[in-house]
Amino acid sequence: MERISVGASKKYEVVIGRGLLDRCGELVSEVKPACRTALITDDIVDGLYADRTEQSLREAGFSVSKYVFPHGEQSKDLKNYERILEFLLKEGLSRGDLIVALGGGVCGDMAGFAAATYLRGMDYVQIPTTFLAAVDSSVGGKTAVDLGEGKNLVGAFHQPIQVICDADTLSTLPRDIFADGSAESIKYGVLGDRDIIEIFSKGKVQDELSHIIARAVKTKSDYVERDEFDNGMRMFLNLGHTAGHAIEKLSGLSITHGHAVAIGMVIVTDAAEKLGICEPGSAAELRQILTRNGLPISTSFTGEEIGRAAQSDKKRRGDSLKLVLPRRIGECMLYDAQADRLGEIFSLSEAVKR
Ligand SMILES: NC(=O)c1ccc[n+]([C@@H]2O[C@H](COP(=O)([O-])OP(=O)(O)OC[C@H]3O[C@@H](n4cnc5c(N)ncnc54)[C@H](O)[C@@H]3O)[C@@H](O)[C@H]2O)c1
Ligand SMILES: [Zn+2]
């Protein structure tokens with residue numbers, strides 16, 4: 001079991017290991033005296049892991065009421081958020097009680113937002129059960145729901161009081177959903193962690209899951225601690241995301257986040273090589289790693305289409321934006337790009353449609 005201390009204004013621990021679900025009550029007791037808890041989860045995770053979680057919490061003296069919502073991004077909306085608030089009220093939860101979010105990023109984001117806002121804010125514990133949620137949502141305190149107009153448009157920064165990652169729960173993930181987490185983990189490798197790159201290039205991911213999660217959590221928290229509110233250092237975490245978000249949007253969300261980020265990373269690595277910024281051969285190395293881990297390396301959208309879609313992205317600052325470009329696999333830089341030149345830059349890549 002590994003414990004990583006995370007957070008800037010408010011510290012909390014990410015506890016990582018195997019078999020932790022059956023010990024979650026005992027772990028939560030370390031940070032919160034026995035109280036009422038609302039266990040929030042989706043219907044798939046409910047069938048797999050809710051009973052064990054509930055039992056462990058009860059054994060540690062917590063009382064538990066459970067709220068289950070239908071799985072999928074379409075549930076991360078204001079309607080469901082409102083239902084959760086009504087459930088908390090009906091169950092009589094007070095500000096001093098606890099929300100436990102058991103599930104992937106959808107559950108964590110929505111339950112986290114409910115925790116941020118119910119009675120002006122209460123504590124929550126995250127138990128991520130997808131690889132993506134373990135390596136990404138567990139750090140940074142971002143909570144949100146979607147509007148019809150786009151993802152994550154309503155939300156708040158609200159840190160959990162603890163995150164418990166049981167690597168065993170990832171064994172039931174469908175391949176594609178597992179791959180989404182691989183893409184986000186490989187991103188940390190490209191940013192600066194050759195150790196992660198080695199693991200993914202050798203295909204030893206299953207044996208090293210706890211280790212990968214721990215490295216990813218450390219790397220992300222390093223960036224976030226230096227920049228809690230999304231302005232400077234944190235921009236590096238957007239590697240592959242400017243093009244990635246655009247591809248996700250253009251596909252009407254049929255291409256999932258991690259898959260889109262994988263393609264986005266290939267696009268910028270290709271472009272950086274063509275611009276003379278990145279060591280030749282880096283894009284080839286990245287393609288090999290992504291392919292080996294079940295991720296796509298090209299798209300049927302053109303560079304111009306992706307550029308246009310990216311221009312309307314919320315991360316735009318004025319007319320220029322910072323694009324994260326690799327210098328090599330293991331080191332990146334921020335590059336000032338005019339928003340209206342994005343299409344041209346993305347078109348340098350062979351990963352886009354010509
Ligand atoms: N807050 C953040 O910093 C942050 C970071 C990255 C992503 N996100 C958000 O996370 C969401 C995507 O996360 P996700 O991919 O985890 O989505 P998700 O929560 O929808 O999970 C994907 C699917 O996997 C199923 N599932 C979850 N755990 C499982 C398990 N152990 N075994 C089998 N099936 C399981 C779920 O039921 C769901 O159908 C997006 O809404 C994104 O915006 C947030
Ligand atoms: Zn991401």
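Residues numbered from 1 in each chain as written. Chains lettered and ligands numbered in written order. Predicted model: local features only at pLDDT ≥ 70, side-chain atom pairs only at ≥ 80, totals over all residues.

### Considerations on the overall build of the protein
Put simply, the test is: Counting from the N terminus, the helices are DSSP H or I runs at least four residues long and the strands are E runs at least two residues long. Residue burial here comes from a neighbour count, namely the number of other C-beta atoms, placed from the backbone, that lie within 10 Å of the residue's own C-beta, with 20 or more meaning buried, 12 or fewer meaning exposed, and in between meaning partly exposed. Any residue pair is listed as a contact if its two C-beta atoms, each placed from the backbone, are within 7 Å.
What the protein contains, in helices and strands, is 13 helices and 11 strands. Principal axes of the C-alpha set define a box for the protein whose edges measure 60 × 40 × 35 Å. Taking all 354 residues of the protein together, 51% fall into the buried category. In the protein, the share of contacts with a sequence separation of at least 24, taken over all contacts with a separation of at least 6, comes to 74%.

### A word on the site of ligand 1
Threshold: Here, nearness is defined through the C-beta atom: a residue counts as near a molecule or strand if that backbone-placed atom lies within 6 Å of it. Charged means Asp, Glu, Lys or Arg here, nonpolar means Ala, Val, Leu, Ile, Met, Phe, Trp, Tyr, Cys or Pro, and polar covers whatever is left, Gly included.
As a structural note, the neighbourhood of ligand 1 is formed by 31 residues, with Ile 44, Gly 104, Gly 105, Val 106 and Thr 130 the closest of them. Within the residue set of the shell around ligand 1, elements represented by two or more residues are helix 2 (43-59), helix 4 (105-117), helix 5 (131-137), strand 8 (150-157) and helix 6 (175-192). Across the shell around ligand 1, the residue classes break down as 10 nonpolar, 13 polar and 8 charged.

### Considerations on unusual backbone geometry
Phi at Leu 119 is positive, roughly 50°, even though this residue is not glycine. Turning to its location among the elements, Leu 119 is positioned in the loop between helix 4 and strand 6 (123-128). Among the residues examined, Leu 119 registers 14 C-beta atoms within 10 Å and is labelled partly exposed. Its identity is not glycine, yet Leu 253 carries a phi of approximately 70°, on the positive side. Considering the arrangement of structural elements, one finds Leu 253 in the loop between helix 9 (241-250) and helix 10 (257-274).

### What to know about the pairing of strand 7 (residues 142-147)
What counts here: Strand pairing is defined by DSSP finding a minimum of two bridges between the two strands.
Within strand 7, 5 of the 6 residues are buried, leaving the element largely enclosed by the surrounding structure. Relative to strand 8, strand 7 runs antiparallel, the two sharing 5 bridges. Paired with Thr 143 across the two strands is Ala 156, which belongs to strand 8. Linking two consecutive strands that pair antiparallel, namely strand 7 and strand 8, is a turn of 2 residues.

### What about the domain arrangement of the protein?
Going by this rule: Residue ranges for the domains trace back to a domain assignment, done automatically or taken from a database.
Looking at the protein, the domain boundaries give domain 1 (2-172) and domain 2 (175-346). Across the contact, 22 residues belong to domain 1 and 21 residues belong to domain 2. When contributions to the side of domain 1 that touches domain 2 are tallied by element, the ones reaching two or more residues are strand 1 (2-6), strand 2 (12-17) and helix 5. No other element matches helix 5, which puts 5 residues into the side of domain 1 that touches domain 2. Residues belonging to the side of domain 1 that touches domain 2 are distributed by class as follows: 13 nonpolar, 5 polar and 4 charged.

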